[in-house]
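# Commentary on secondary and tertiary structure
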Amino acid sequence: MKFRRYPTQDHPLSRIALSLIAIGVVTLFLVLPLATVFTEALRKGLGVAWEALDDPDARAAVRLTLITAAIAVPLNAVFGVAASWAIAKFDFKGKQFLTTLIDLPFSISPVVSGLIYVLIFGLQGWFGESLREANVKIIFAVPGIVLATIFITFPFVARELIPLMEDQGRDEEEAATSLGASGWDTFMRVTLPNIRWGLLYGVLLCNARAMGEFGAVSVVSGHIRGLTNTMPLHVEVLYNDYQFVGAFAVASLLALLALVTLVLKSLLEWRFADDIAATHRH
Amino acid sequence: MSLVVDSIVKKFERFPALNGVSLTAPQGAFLALVGPSGSGKTTLLRILGGLEFPDSGSVHFADLNWLDVPARDRRAGFVFQQYALFKHMTVEKNIAFGLTVRAKKLRPPKEEIARRVEELLALVQLEGYNKRYPSQLSGGQKQRVALARALAIEPRMLLLDEPFGALDAKVRKELRGWLRAIHERMGITTVFVTHDQEEAFALADLVAVMNAGKIEQYGTPQDVRRAPKTPFVADFIEVQAGI
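Residues numbered from 1 in each chain as written. Chains lettered and ligands numbered in written order. Predicted model: local features only at pLDDT ≥ 70, side-chain atom pairs only at ≥ 80, totals over all residues.

Often the size quoted for an interface is simply the accessible area lost on bringing the parts together. The partner chain A presents 16 residues to the 20 residues of chain B that form the contact. Elements that contribute at least two residues to the side of chain B that touches chain A include exactly helix H2 (71-74), strand S6 (76-79) and helix H3 (91-100) of chain B. Residues of the side of chain B that touches chain A, tallied by class, amount to 11 nonpolar, five polar and four charged. (Contact = placed C-beta atoms within 7 Å. Helix = DSSP H or I, 4+ residues; strand = E, 2+ residues; numbered from the N terminus. Nonpolar A, V, L, I, M, F, W, Y, C, P; charged D, E, K, R; others polar.)

For the rest of this paragraph, the subject is the UniProt feature "domain: ABC transporter" (unreviewed entry) in chain B. Mapped onto the present numbering, the UniProt feature "domain: ABC transporter" (unreviewed entry) falls on residues 3-237 of chain B. For residues 3-237 of chain B, the helix share is 38%, the strand share is 25%, and the end-to-end C-alpha distance is 26 Å. (UniProt positions renumbered as here; feature names shortened; annotations may be inferred.)

Turning our eyes to something else, we now look at the sheet that holds strand S3 (residues 30-34) of chain B. Where strands meet in a sheet, backbone hydrogen bonds hold them as pairs that are either parallel or antiparallel. Residue and element names in this part refer to chain B. Across the sheet, six strands lie side by side as S6-S7-S8-S3-S9-S10; this open sheet has mixed pairing. The open sheet has two edge strands, S6 and strand S10 (214-219), and neither has a second partner. Taken over all neighbouring pairs, the strand axes of this sheet differ in orientation by 15° on average, direction set aside. Looking at chain direction, S6 and strand S7 (residues 157-161) are connected through four bridges and run parallel. (Pairing = 2+ DSSP bridges. Axes fitted to C-alpha atoms, helices over the stretch in contact; angles between N-to-C directions.)

Here we come to the packing of helix H8 (residues 155-168) of chain A against helix H10 (residues 183-212) of chain A. All names here are of chain A. Running from N to C, H8 and H10 point in directions that differ by 160°, and their axes come no closer than 7 Å. Relative to H10, the element H8 lies roughly antiparallel. For the pair H8 and H10, the sense of crossing is right-handed. The residues of H10 that touch H8, namely those facing Phe 156, Val 157, Glu 160, Leu 161, Leu 164, Met 165 and Gln 168, are Asn 194, Ile 195, Gly 198, Leu 199, Tyr 201, Gly 202, Val 203, Leu 205, Cys 206 and Arg 209. Grouping the amino acids of the contact of H8 with H10 by side-chain chemistry returns 11 nonpolar, four polar and two charged. (Parallel < 35°, antiparallel > 145°, perpendicular 65-115°, else oblique. Left-handed = near helix turned anticlockwise from the far one by under 90°.)

Have a look at this one:
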């Protein structure tokens, strides 16, 4: 009997070719660089890499990165939920404009975003004079780094939630209202449970970027070792000092954080697959 | 305690949805709003439920200026076309929702809520479905849960948007008779929207035939059928009966 293929099935050879290309590209552009980071870090052994991480400046960089993420991520989670709630569940003038505005940090070069903050809060900036008189330091200090990070990571939660909430429509909220629920009850018992997975993804992505942001933070930080260097900035400083093991050790730690985020996301997807499918309409 | 709708006008951005709609129905009436899509019938229903507000006109119900009562205080049980069940809640949580969100003083104790849920499940013939999720129910079952949820708040008014629209013919017939029976038993003023004149005429005490934001004719099914007032009504009945 002659072998028959389904009309939508490609020739086996082309399938193999396509898979090989995909695997090749992923290996070349994603796996190899990542592997290099770890091998370079461990080139002179685990001890040396560990010493580089135990350095006071490195520890300060890790601390600053964690503090920055700890401030930026919860704030953006709240902003993101509020903005997407307004956009998806209400009609108002300027809605389109708000949607565009939320995307702004994605379309602007991070360096420019950083410069904006320097122009506003820097010594020669709009508020520079009054801030100096009030003895408040924003640029070349932790507040500037946090602000820049918030700006850069603003879209992640909202971008994740707006399509999801628009897709879910307003029916359930209207039902809750007609059953006597207050706005707060409706949000806590109906809206929030329906978006919890989208929110979690948004927060994970937001966190990954908050820890990894380089451009904008680099402009506002001033690169003061042990004070205003985040992990990505510290990597650059070490690398430029020819301290390759140290640079790659910190980079490995940063990469590990990203990998943990990814693993966490996959684990959640796998563990709650049914639940995730149920809260999406289709 | 009758329902009086007076000269309701509602315009959406480009087109008028309701163009001066008035009708009166006695307490406990079973009223059908029937007409082609875009005739404004759903908009009128949503205004009664407090989910939409008219540009002008008034609604009086139960000796209240109904438009001044916020949606959450109206106790107007609304059954949505797509049911709008809370996807992440079990059937019993869905039905109990309206009771559990009440202010502490007005909230019945847990055992009382559980008892009411059981009662309603029996009423809609879904005993034993307490722990199911909406995604595990058929269309007809979802519809009945939606109705039980609306009835749980002891509504002053029951509003149904195309309640049988998404169901197959057999289930539709069954649910129809059963909705009528529930209405007779509870005597709640009920308004339902349908595009199916046969359904409207078979089920309702009063029928409002709507077209392009206006009520073309309002009366008992017998009167409307016997003496269509406008060519549109005559045509609407004719065309649909012909299918």
